[in-house]
Amino acid sequence: DTGVSQNPRHKITKRGQNVTFRCDPISEHNRLYWYRQTLGQGPEFLTYFQNEAQLEKSRLLSDRFSAERPKGSFSTLEIQRTEQGDSAMYLCASSEFAGSNEQFFGPGTRLTVL
Amino acid sequence: GQQLNQSPQSMFIQEGEDVSMNCTSSSIFNTWLWYKQDPGEGPVLLIALYKAGELTSNGRLTAQFGITRKDSFLNISASIPSDVGIYFCAGQLRGSGGSNYKLTFGKGTLLTVNP
């Protein structure tokens with residue numbers, strides 16, 4: 001399967017703990033995006049990378065959130081000192097640098113903060 | 001954050017019926033995309049539209065990019081049980097600069113198909 005992959009698929013944690021999610025994009029895609037989706041809502045943009053450069057961060061991305069893409073391939077999203085309001089599906093998408101820029105999504109990581 | 005207005009919120013139809021849903025925005029986009037999401041999974045891209053007025057088909061699905069660039073429509077013909085899911089529209093303002101590549105999504109239309 002050459003689609004976007006995300007790990008873990010599910011994460012349950014206690015409030016105050018740190019969590020880290022990983023995203024592996026489609027191999028030839030230069031752009032990588034993180035979105036958050038809560039129940040009954042569409043995905044909301046968090047941040048975006050072009051290769052290893054983080055080019056935009058949403059105001060939704062508080063200082064407890066940090067994302068990296070160190071070698072321009074996989075990316076990690078870390079949430080420090082988790083809060084119950086962080087419970088959501090975290091989605092990763094990737095797209096080509098040129099051309100249509102259609103974004104293809106991974107299966108997501110479901111985070112539950114107790 | 002900003003979200004698009006997507007309607008209807010939900011639809012319950014009989015197998016074989018046609019379905020229409022739409023999405024409107026207060027601001028223009030130069031790309032519209034339609035995704036389908038199954039429970040517990042990520043959105044799957046169905047159709048992408050790049051020009052105002054464009055009409056594009058993908059099997060039983062047809063989507064249109066509104067002439068004002070502020071709306072888009074998705075039609076599903078002859079629905080089948082596997083069409084069940086949540087359909088999302090998304091707008092993108094492509095161009096130079098990082099902020100132009102993010103997608104802005106609607107809240108989705110939940111489609112239920114009765115066999």
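These numbers were taken from a predicted model, which means no experiment stands behind them.

(A) Quick look at the overall build of chain A. Looking only at helices and strands, one finds 0 helices and 11 strands in chain A. Ordering the α and β elements of chain A from the N terminus gives β-β-β-β-β-β-β-β-β-β-β. In terms of overall dimensions, chain A is globule-like: its C-alpha atoms have a radius of gyration of 13 Å, near the 13 Å expected for 114 residues. In terms of overall dimensions, chain A has a C-alpha envelope of 40 × 25 × 25 Å along the principal axes. Looking at chain A residue by residue over its 114 residues, the buried ones come to 48%. Restricting the contact set of chain A to residue pairs at least 6 apart, pairs at least 24 apart contribute 54%. About 5,600 Å² of surface is accessible on chain A, with carbon and sulfur atoms providing 46% of the total. Chain A carries 14 positive and 13 negative side-chain charges, and their two centres are separated by 8 Å.

(B) Region of the structure containing the sheet that holds strand E3 (residues 19-24) of chain A. Residues and elements named next belong to chain A. Ordered by their spatial adjacency, 4 strands build an open sheet running E1-E3-E8-E7, and the pairing between neighbours is antiparallel. Two strands in the sheet have a free side with no partner beyond their single neighbour: strand E1 (5-7) and strand E7 (65-68). In this sheet, neighbouring strand axes are inclined to one another by 15° on average, regardless of whether the strands run parallel or antiparallel. As paired strands, E1 and E3 are joined by 3 bridges and run antiparallel to one another. Its bridge partner lying in E3, serine 5 is registered against aspartate 24.

(C) Quick look at the sheet that holds strand E7 (residues 61-65) of chain B. All names here are of chain B. Sheet architecture is open: 5 strands sit in the order E1-E3-E8-E7-E6, paired in antiparallel fashion. Strands with a single pairing partner mark the edges of an open sheet, and in this sheet they are strand E1 (5-7) and strand E6 (55-58). Each neighbouring strand pair of the sheet contributes to a mean axis angle of 15°, computed without reference to strand direction. Taken together, the 3 bridges between E1 and strand E3 (residues 19-24) define a ladder with antiparallel strand orientation. Its bridge partner being in E3, glutamine 6 is matched across the sheet by cysteine 23.

(D) Representation of the pairing of strand E11 (residues 109-114) of chain B. Residues and elements named next belong to chain B. Burial along E11 is one-sided: Thr109, Leu111 and Val113 are buried, while Leu110, Thr112 and Asn114, pointing the other way, are not. As judged from the 5 bridges shared by strand E2 (residues 10-14) and E11, these two strands associate in the parallel manner. What sits directly across from isoleucine 13, in E11, is valine 113. In this structure, strand E9 (residues 85-92) lies alongside E11, joined through 3 bridges in antiparallel fashion. Pairing of glycine 85 across the sheet is with leucine 111, part of E11.

(E) Structural view of the interface of chain A and chain B. Each partner contributes to the interface: chain A provides 25 residues, whereas chain B provides 23 residues. Summing both partners gives a buried area of about 1,900 Å² for chain A against chain B, and 50% of it is carried by carbon and sulfur. For the pair chain A and chain B, the interface holds 1 salt bridge. With a shortest N-O distance of 3.6 Å, A:Arg9 and B:Glu41 are connected by a salt bridge. Run the count over chain A and chain B and you get 8 residue pairs in polar contact (both at pLDDT 80 or more). When residues of the side of chain A that touches chain B are traced back to their parent elements, those giving at least two are strand E4 (31-37), strand E5 (44-50), strand E6 (53-57), strand E9 (88-95) and strand E10 (104-105) of chain A. The element best represented in the side of chain A that touches chain B is E4(A), accounting for 4 residues. Here the side of chain A that touches chain B is composed, by residue class, of 11 nonpolar, 9 polar and 5 charged.

Conventions we followed
- Residues numbered from 1 in each chain as written.
- Chains lettered and ligands numbered in written order.
- Predicted model: local features only at pLDDT ≥ 70, side-chain atom pairs only at ≥ 80, totals over all residues.
- Heavy atoms only, no water.
- Helix = DSSP H or I, 4+ residues; strand = E, 2+ residues; numbered from the N terminus.
- Rg over C-alpha atoms; globule rule 2.2 N^0.38 Å.
- Buried < 20%, exposed > 50% of the residue type's maximum accessible area, 1.4 Å probe, protein only.
- Contact = heavy atoms within 4.5 Å.
- Areas by Shrake-Rupley, 256 points an atom, 1.4 Å probe, with all protein chains shown as cover.
- Lys, Arg positive; Asp, Glu negative; His and termini not counted.
- Charge placed at Lys NZ, Arg CZ, Asp CG, Glu CD.
- Pairing = 2+ DSSP bridges.
- Axes fitted to C-alpha atoms, helices over the stretch in contact; angles between N-to-C directions.
- Buried area = accessible area lost by both parts, 1.4 Å probe.
- Salt bridge = Lys/Arg side-chain N within 4 Å of Asp/Glu carboxyl O.
- Polar contact = N/O pair within 3.5 Å; in protein donor to acceptor, adjacent residues only side chain to side chain.
- Nonpolar A, V, L, I, M, F, W, Y, C, P; charged D, E, K, R; others polar.

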